[in-house]
2 protein chains.
Amino acid sequence: MADIARLANVSKPTVSRALSNNPLVNEKTRNRVLSVAAEHGYAVNRNAQKLRHKRTNTIAVSMDFRSHRQNRISDPFMFELLAGVSEALGDHNQDLLLCAPNHNDASAFRQILTERGADGFIILGQGHREKMLADCAAAGTPLVVWGAAAPDANYCVVGSDNFLGGQLAGEHFIRQGRRRFLFVGDTSFREIHERRQGLKHVINNSDQAIVFDDVELQSFRYESAHDAAVRYLDVNETIPDAVFTWSDTAAMAFISAFRDAGAHAPDDVSFVGYNDIPEARYFYPPLTTIRQDTYQAGRMLAAKLLRIIDGESPKSATIRTELIVRST
Amino acid sequence: MADIARLANVSKPTVSRALSNNPLVNEKTRNRVLSVAAEHGYAVNRNAQKLRHKRTNTIAVSMDFRSHRQNRISDPFMFELLAGVSEALGDHNQDLLLCAPNHNDASAFRQILTERGADGFIILGQGHREKMLADCAAAGTPLVVWGAAAPDANYCVVGSDNFLGGQLAGEHFIRQGRRRFLFVGDTSFREIHERRQGLKHVINNSDQAIVFDDVELQSFRYESAHDAAVRYLDVNETIPDAVFTWSDTAAMAFISAFRDAGAHAPDDVSFVGYNDIPEARYFYPPLTTIRQDTYQAGRMLAAKLLRIIDGESPKSATIRTELIVRST
DNA sequence: CCCAGTTATGAAATGCATTTCAAGAAATGC
DNA sequence: GCATTTCTTGAAATGCATTTCATAACTGGG
């Protein structure tokens, strides 16, 4: 910057002001500085800038690749979430620092902030870290979370309406005349638990006698979904006629296992998946599913975090959640 | 840091050295400093560090979310690539800056480097930017690229063996006794073009009379794959009995359209997809596909870039590519 | 007991941009 | 024509950690 200053016959502060469009600097001077800078391909050093400012204009996004990849919950839905976040941050000139935290303790998160590497956090998938996140938030770490909000959450959560998702699935089953419901998912995750609650709500409010059962998946591995289906069919005598799974991929695994056992969708069994992945539409039979507007959610997460960093306290929000009826 | 120095009764340089495990500092002193730092939750300011060092220990990863999301080529495969990159960078203590470049000109890329925001680039999907990337590389920008290498590429490319992928598909079709091949994909992408070349190679070296046709997809939109299939079947009288598509999702769309037209897989038509997404296995019928070890590729990309930054010139590499035979 | 050689530590300079504060120049008011 | 604003601009301080260079303390050899 000193060089540019010399070449443009001004001082460093003037260059700095010219480059940041500070109105204090005379227009003619600004243009001269700008042209000299462009000519010499000069760009301000962002690290020096970040060091000087209080803001780093960088947002850390925490994504648990390890469990996602190993368990292959690789519905495009995580990807869309990230895309929404990325674009919204780009629009606000924020850098996106992608973190795959190894530690699940609050201090690891806080450290990124104390290192001044970022101004705040977007947590994609709270998993079982609610307690830790609550600690972080209580300690003043600016953060927003994708997922389902605990009733007493002290941080901002953006998620779909999981209870409604469960309801929609249940009502769909009722309309199809189904009476033997099966819920598939790991309810230790709040999102999944709420979907199950929504489904049960429909059952409880129905005047029909409905049988309900669970397949409590310990992990999200998609192989395990198929295994679980096979095992379930092996052990149980009555075959359910309505299966609501935590993801489209799991639904496909169940449909496949049920078919092998002689129970065909949609004649013998109805299935509702979650996320409306592209393949759901071309699956055979085309899969009924719950769609969440994840891209919008990503944008919303970014917007809310920026407001939090600016000192506001935006409220948690719920994104659109709808049933896509196909053939199952 | 000055505060810690005062509290530990030493000077700033000593604190700095103690924190960076510099052997110059006495062990007792180091421990004292470390404990004081830990006690007060002190962490070095990374921006100041980056400013001082030549290295930023940050790698920019360029991912074209816009086209990926809009076109929904959201096979988990991009995600796995990113996961591999993220983990490998984490292992080497590198930060990952995620960029969604709006501009396709070399200067936009270079600017991130001149701003000292990153030490180098990982480009996930070169698309139609080969020329620009060649300019970047020629200008000395450290970069590695996921994709297919041009014969005269002046930069390091990691990709699967697309020619082999095409060959494997072709040989599979021959083994099934198929004679009317259809290739589906946008060959303006080098990766896709090479797969087609591999397929044609099999045809040319076969002693059978094989018919070959193309569906040249203008875009990767998965809806368009289904539309293209419908249109193709509408216009053409003879129905192919072997279809090789650029992705599993596209294969599923084609299978669906073919089924509607009365051509059933695998009896009437064979299909080979690409990527081996989780759903391929539970699709009906289970989809034969080409698997690329994308996670490994991600790790390799990261490792090679770090070597380039260190002044070496690693060669382009090809990752494992294999045929997964299921029912189609 | 003195000199050379280690070892440990600190003062000051450095990297780069921004901000405060002061001052010079120009414009306005009376 | 002089006082007062209003614009512009620059010198110096600042943010934080690292590196160089110098100095102090200590060790061992003769």
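Cut-off values and rules
- Within any chain, residue numbers begin from 1 and follow the written order of that chain's sequence.
- Lettering for chains starts from A, numbering for ligands starts from 1, and both go in the order in which the items are written.
- Reporting in this predicted model follows two pLDDT cut-offs: at least 70 for local features of residues, and 80 or more for side-chain atom pairs to be given and counted; totals over whole chains, interfaces and linings ignore these cut-offs and use all residues.
- As a rule here, side-chain values come from all non-hydrogen atoms in the structure, and water together with hydrogens is ignored.
- Distances are taken per atom, and a residue is near a molecule or strand as soon as one of its heavy atoms is within 4 Å of it.
- As used in this structure description, the phrase polar contact means that two N or O atoms lie within 3.5 Å; if the pair is within protein, one of them must be able to donate a hydrogen and the other to accept it, and residues adjacent in sequence are counted only when both atoms belong to side chains.
- Numbering of helices and strands runs from the N terminus; a helix is a DSSP stretch of H or I covering at least four residues, while a strand is a stretch of E covering at least two.
- Throughout, the ten residues Ala, Val, Leu, Ile, Met, Phe, Trp, Tyr, Cys and Pro are labelled nonpolar, Asp, Glu, Lys and Arg are labelled charged, and all others, Gly among them, are labelled polar.
- The axes used here are C-alpha line fits, helices contributing only the stretch in contact, and every angle between their N-to-C directions lies in the interval 0 to 180 degrees.
- What sets the label is the angle itself: under 35 degrees gives roughly parallel, over 145 gives roughly antiparallel, 65 to 115 gives roughly perpendicular, and the rest give oblique.
- Helix crossings are classified by the rotation of the near helix relative to the far one: an anticlockwise turn of less than a right angle makes the crossing left-handed, while a clockwise turn makes it right-handed.
- A contact between two residues is defined here by any heavy atoms of the two lying within 4.5 Å.
- For two strands to pair, DSSP has to find at least two bridges joining them.

**Q** Where do I start with the protein's contact with DNA strand C in this structure?
**A** The environment of DNA strand C is made up of 26 residues, and the closest members are A:Ser16, A:Tyr42, B:Thr14, B:Thr29 and B:Arg52. Considering DNA strand C, the proportion of its atoms within 4 Å of the protein that are sugar or phosphate atoms stands at 64%. At a separation of 2.8 Å, a phosphate oxygen of DNA strand C approaches a polar backbone atom of B:Ser11. At 3.1 Å, a backbone N or O of B:Asn26 approaches a phosphate oxygen of DNA strand C. Elements with a minimum of two residues in the surface near DNA strand C: helix 2 (12-19) and helix 4 (46-52) of chain A together with helix 2 (12-19) and helix 4 (46-52) of chain B. Examining the composition of the surface near DNA strand C, we find that four residues originate from one element, helix 2 of chain A, more than from any other. Looking at the surface near DNA strand C, its residues break down into 12 nonpolar, nine polar and five charged.

**Q** Can you walk me through the packing of helix 6 (residues 76-91) of chain A against helix 14 (residues 294-309) of chain A in this structure?
**A** Two numbers describe a pair of packed helices, the interaxial angle and the distance between the axes. All names here are of chain A. Axis separation between helix 6 and helix 14 bottoms out at 7 Å; the angle between their running directions is 40°. Classified by the angle their axes make, helix 6 and helix 14 are oblique. Where helix 6 crosses over helix 14, the handedness of that crossing is right-handed. Judged by residue contacts, Phe 77, Glu 80, Leu 81, Ala 83, Gly 84, Val 85, Glu 87, Ala 88, Leu 89 and Asp 91 of helix 6 engage Thr 294, Tyr 295, Ala 297, Gly 298, Arg 299, Leu 301 and Ala 302 from helix 14. Class assignment for the residues of the contact of helix 6 with helix 14 results in 10 nonpolar, three polar and four charged.

**Q** For this particular structure, what's the right way to read the sheet that holds strand 5 (residues 156-160) of chain A?
**A** Two modes of strand pairing occur in sheets, parallel and antiparallel, and in both the strands are linked by backbone hydrogen bonds. Here 12 strands make up an open sheet; going across it, the order is 11(A)-5(A)-4(A)-3(A)-1(A)-2(A)-2(B)-1(B)-3(B)-4(B)-5(B)-11(B) and the pairing mixed. Two strands close off the open sheet at either side, each with one partner strand: strand 11 (317-319) of chain A together with strand 11 (317-319) of chain B. Averaged over all neighbouring strand pairs, the angle between strand axes comes to 25°, with direction disregarded. Two strands pair when backbone bridges link them, and strand 1 (residues 58-63) of chain B and strand 3 (residues 120-124) of chain B are joined in this way by five bridges, in the parallel orientation. By the bridge assignment, B:Ala60 is partnered in strand 3 of chain B with B:Phe121. In the packing of helix 14 (residues 294-309) of chain B onto the sheet, contacts are made with strand 1, strand 3, strand 4 (143-146), strand 5 (156-160) and strand 11 of chain B, and the angle to strand 4 of chain B comes to roughly 165°.

**Q** Quick question: what am I supposed to make of the sheet that holds strand 10 (residues 288-292) of chain A here?
**A** All names here are of chain A. Pairing in this open sheet of six strands is mixed, and the strands run 7-6-8-9-10-12 from one edge to the other. Because the sheet does not close on itself, it has two edges, and the strands there are strand 7 (211-215) and strand 12 (321-324). Recorded for the sheet is a direction-independent mean angle of 20° between the axes of neighbouring strands. Contacting strand 6 (180-184), strand 7, strand 8 (242-245), strand 9 (270-274) and strand 10, helix 12 (residues 248-260) runs over the sheet at an angle of about 155° to strand 9.

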